[in-house]
Amino acid sequence: MPRTAALAALVTLCTAAHAAACALPPPVCEVPNGQRATLEHASGSTVLFSQLDPDATGYRPTYVLVDCSKRQAVALGHVPEGADDSASQTHFDGRMVMDREVSAGARPRLGQVHRQLQRMGLRSKRFTLMKSHCGCALPDIPPPPANCPTY
């Protein structure tokens, strides 16, 4: 019996590894300044995307929550260089505030999100998303091709 259980665990592990390797990448678009925007979450006209400069060192995205019906947005600045674990956790918590706002399914309360992020000590700003920015189009962009094996 232990041999059967070990074999079953191995098969499950291998299957899970293949499934994880075949997750479809999220839609990506290039914005006019050369940065890339990647879809994080969307519901109705509310979109959360990350934006980063592909030429910058490290992975330090700015997260943007936007009400695409009015192109009004709030941005959460990236984690500062050399931030400690506490600052990184606070930034993650701020990102979750934005994600929950999308998950609520109602019109986003951008002012409230902005104030909450600032109370958490995070860099946040309100702005109008430019018409030339592709962030609101991300939910309609097909994901890039995936290298999934056929089964």
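As a reminder, the structure under discussion sits directly above these lines.
1. Remarks on the environment of Ser43
So, point 1. Among the structural elements, Ser43 can be located in strand 2 (residues 36-43).
So, point 2. Judged by its relative accessible area of 30%, Ser43 is partly exposed.
So, point 3. Expressed as a C-alpha distance, the spacing of Ser43 and Ala104, which sit 61 residues apart in the sequence, is 8.7 Å.
So, point 4. Discounting chain neighbours no more than four positions away, the residues touching Ser43 are Val102 and Gly105.

2. So, the pattern of salt bridges
Side chains carrying opposite charge are able to pair once their charged atoms draw close together.
So, point 1. Going through the model one piece at a time under the given rule, you end up with 4 salt bridges.
So, point 2. Where Glu40 meets Arg95, a salt bridge forms, and the shortest distance between an N and an O atom there is 3.0 Å. Linking Glu40 in strand 2 with Arg95 in helix 2 (residues 85-103), this pair joins segments that are 55 residues apart in sequence.
So, point 3. Note on Glu40: relative accessible area 30%, which makes it partly exposed.
So, point 4. With a relative accessible area of 12%, Arg95 lands in the buried category.

3. Comments concerning the nonpolar core
So, point 1. With 15 residues, the main nonpolar core has Ala37, Val47, Phe49, Val66 and Leu138 as its most contacted residues.
So, point 2. In this view, Val66 contacts Ser45, Thr46, Val47, Phe49, Arg71, Gln72, Ala73, Leu129 and Cys136; residues no more than four positions away in its chain are not counted.
So, point 3. Judged by nonpolar contacts, the second largest core, of 12 residues, contains Leu65, Leu76, Val97 and Met98.

4. What about the state of the cysteines?
So, point 1. In the structure shown here, the tally under the stated rule is 2 disulfides.
So, point 2. Disulfide pairing places Cys29 opposite Cys134 at an S-S distance of 1.8 Å. Every disulfide takes its handedness from the sign of the S-S torsion; for Cys29 and Cys134 that torsion is 80 degrees, giving right-handed. A residue pair is termed long-range when its members are at least 10 positions apart, and Cys29 in strand 1 (residues 28-30) and Cys134 in the segment after strand 6 (124-128) qualify at 105 residues. Both residues of the pair, Cys29 and Cys134, belong to the buried class.
So, point 3. Between Cys68 and Cys136 runs a disulfide, and the two sulfur atoms are separated by 2.1 Å. Negative torsions about the S-S bond denote left-handed disulfides, and the value of about -95 degrees found for Cys68 with Cys136 makes this one left-handed. With Cys68 in the loop between strand 4 (62-67) and strand 5 (72-76) and Cys136 in the segment after strand 6, this residue pair connects regions lying 68 residues apart in the sequence.
So, point 4. Residue Cys136 is classed as buried on the basis of its relative accessible area of 17%.

5. Quick word on helix 3 (residues 110-119)
So, point 1. Turning to helix 3, its buried residues number three or more, namely Leu110, Gly111, Val113, His114 and Leu117. Within helix 3, the buried residues cover an arc of 165 degrees as seen down the axis, which keeps them to one side.
So, point 2. Lining the buried residues of helix 3 we find strand 4, strand 5, helix 2 and strand 6.
So, point 3. Gly121 sits one or two residues past helix 3 and shows a positive phi near 85 degrees.

The rules behind these values
- Residues numbered from 1 in each chain as written.
- Predicted model: local features only at pLDDT ≥ 70, side-chain atom pairs only at ≥ 80, totals over all residues.
- Heavy atoms only, no water.
- Helix = DSSP H or I, 4+ residues; strand = E, 2+ residues; numbered from the N terminus.
- Buried < 20%, exposed > 50% of the residue type's maximum accessible area, 1.4 Å probe, protein only.
- Contact = heavy atoms within 4.5 Å.
- Salt bridge = Lys/Arg side-chain N within 4 Å of Asp/Glu carboxyl O.
- Core = buried A, V, L, I, M, F, W, Y, C linked by side-chain atoms within 4.5 Å.
- Disulfide = S-S within 2.5 Å.
- Arc of directions from axis to C-beta.

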